[in-house]
Amino acid sequence: MRTDAADVEQLATAPAFQSIGFGRKFKNNLATVLFAAAFVVAVIPLLWVLWTLIERGLKPILSADWWSHSFNGLLPTDEGGGVYHALVGTIFEGLVCLVFAVPLGVMVAVYLVEYGQNSKLAKAATFMVDILSGLPSIVAGLFIYALWITTFGMTRSGFAVALALLLLMLPVVVRVTETMLLIVPNELREAAYALGLPKWKTIVRIVLPTALSGIVTGVMLGLARVLGETAPLLILVGYSSSINFDLFKGEMASLPLTIFMERSTGTTAGDYRMWGAALTLVIVIMLINLVATGLSKIFAIKTK
């Protein structure tokens with residue numbers, strides 16, 4: 001009995017898609033279940049924390065006085081008041097930290113990527129950035145206390161807190177900027193050099209604008225991180241229940257410090273204000289993250 005050549009070739013060729021064995025199906029399903037379980041285990045505490053904050057802190061923040069008044073004149077057992085004084089302190093300290101951290105961090109990253117490369121100074125700078133990245137916040141506060149207050153004779157103030165937050169935010173800005181600059185293709189730099197642009201102008205007009213979206217996102221996320229620190233506040237500035245607009249003199253409140261002080265009262269009214277301040281801090285950080293997302297889209301390179 002004869003078979004055609006086409007039939008022989010068809011019989012010799014294995015099918016493109018073969019059935020998956022039981023062992024592979026079992027391993028795939030087991031991995032799916034494990035990953036899903038890990039996701040649920042990680043999400044449940046987060047949802048629990050968020051629900052607790054909303055349940056206990058929603059009532060205070062819905063009051064109009066919460067955003068326009070301070071705790072000035074209130075006893076620990078008195079109801080009412082607002083966190084306007086703490087919002088002022090948090091915003092002022094964050095802005096000062098941002099003003100110093102962004103230019104310093106960006107310039108250090110530009111030197112490491114564009115100029116330093118394997119030089120001894122670049123290696124030393126990288127080593128110091130690594131140390132600052134793991135620096136506990138209380139150590140940063142103690143360092144600023146020893147330098148700014150003990151050595152220079154300055155008073156405890158909101159500006160001293162901003163300096164401590166600067167030490168915590170600076171390595172974040174450096175690392176984010178360094179990573180984004182390394183992502184920029186070298187072809188862009190070479191094309192700019194071929195057109196006769198000097199190196200500094202290539203960095204300012206080509207490299208930094210290309211990496212700007214990621215840099216802005218990293219800077220805003222770094223700011224959101226340091227605004228929740230409490231240890232430097234306890235060391236470098238005293239708590240004030242009234243509004244203070246002077247960063248260089250007097251006690252100044254902030255949201256993390258307000259949470260700590262209200263919790264220490266041990267009263268029902270204190271707990272009421274504590275949960276309201278905690279939810280307010282979460283809202284502020286959430287707004288910063290939303291701003292970071294929006295700025296990232298605005299500064300992103302537009303493509304067709």
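The structure this text deals with has already been given above.
Residues numbered from 1 in each chain as written. Predicted model: local features only at pLDDT ≥ 70, side-chain atom pairs only at ≥ 80, totals over all residues. Heavy atoms only, no water.

### Some thoughts on the nonpolar core
In this structure, V83, I144, M169 and L236 are the most contacted members of the largest nonpolar core, which totals 63 residues. For this core, the secondary-structure elements that each account for two or more residues are α2 (22-61), α3 (84-116), α5 (137-151), α6 (158-183), α8 (199-226), α9 (231-236), α10 (255-265) and α11 (268-299). Tallying contributions element by element places α6 first for this core, with 13 residues. By size, the runner-up hydrophobic cluster in this structure holds five residues, among which are A122, V129, L170 and V174. (Core = buried A, V, L, I, M, F, W, Y, C linked by side-chain atoms within 4.5 Å. Buried < 20%, exposed > 50% of the residue type's maximum accessible area, 1.4 Å probe, protein only. Helix = DSSP H or I, 4+ residues; strand = E, 2+ residues; numbered from the N terminus.)

### So, the environment of L121
Relative to the assigned elements, L121 resides in helix α4 (residues 120-133). Residues L121 and C97, 24 residues apart in the sequence, show an inter-C-alpha distance of 25 Å.

### What to know about α2
With 40 residues, α2 ought to run about 58 Å at 1.5 Å a step, and its terminal C-alpha atoms sit 56 Å apart, in line with that. Approximately 35° is the largest bend angle found in α2, and it occurs at E55. By the burial criterion, the buried members of α2 are T52, L53, G57, P60 and I61. As for α2, its buried residues are in contact with α11. (Expected span 1.5 Å × (residues − 1). Bend = angle between axes of the 7 residues up to and from the residue. Contact = heavy atoms within 4.5 Å.)

### Notes on the environment of S137
The topology assignment puts S137 in helix α5. Accessibility expressed as a relative area gives 16% for S137, which makes it buried. Taking C-alpha positions, S137 is 34 Å from A37, a pair spaced 100 residues apart along the chain. Setting aside its immediate chain neighbours within four residues, S137 contacts L168, E229, A231 and P232.

### Quick notes on the side chain of E178
Checked against the element boundaries, E178 lands in helix α6. What makes E178 buried here is its relative accessible area of 15%. If we ignore the near neighbours within four places in the chain, the residues touching E178 are A109, L112 and V113.

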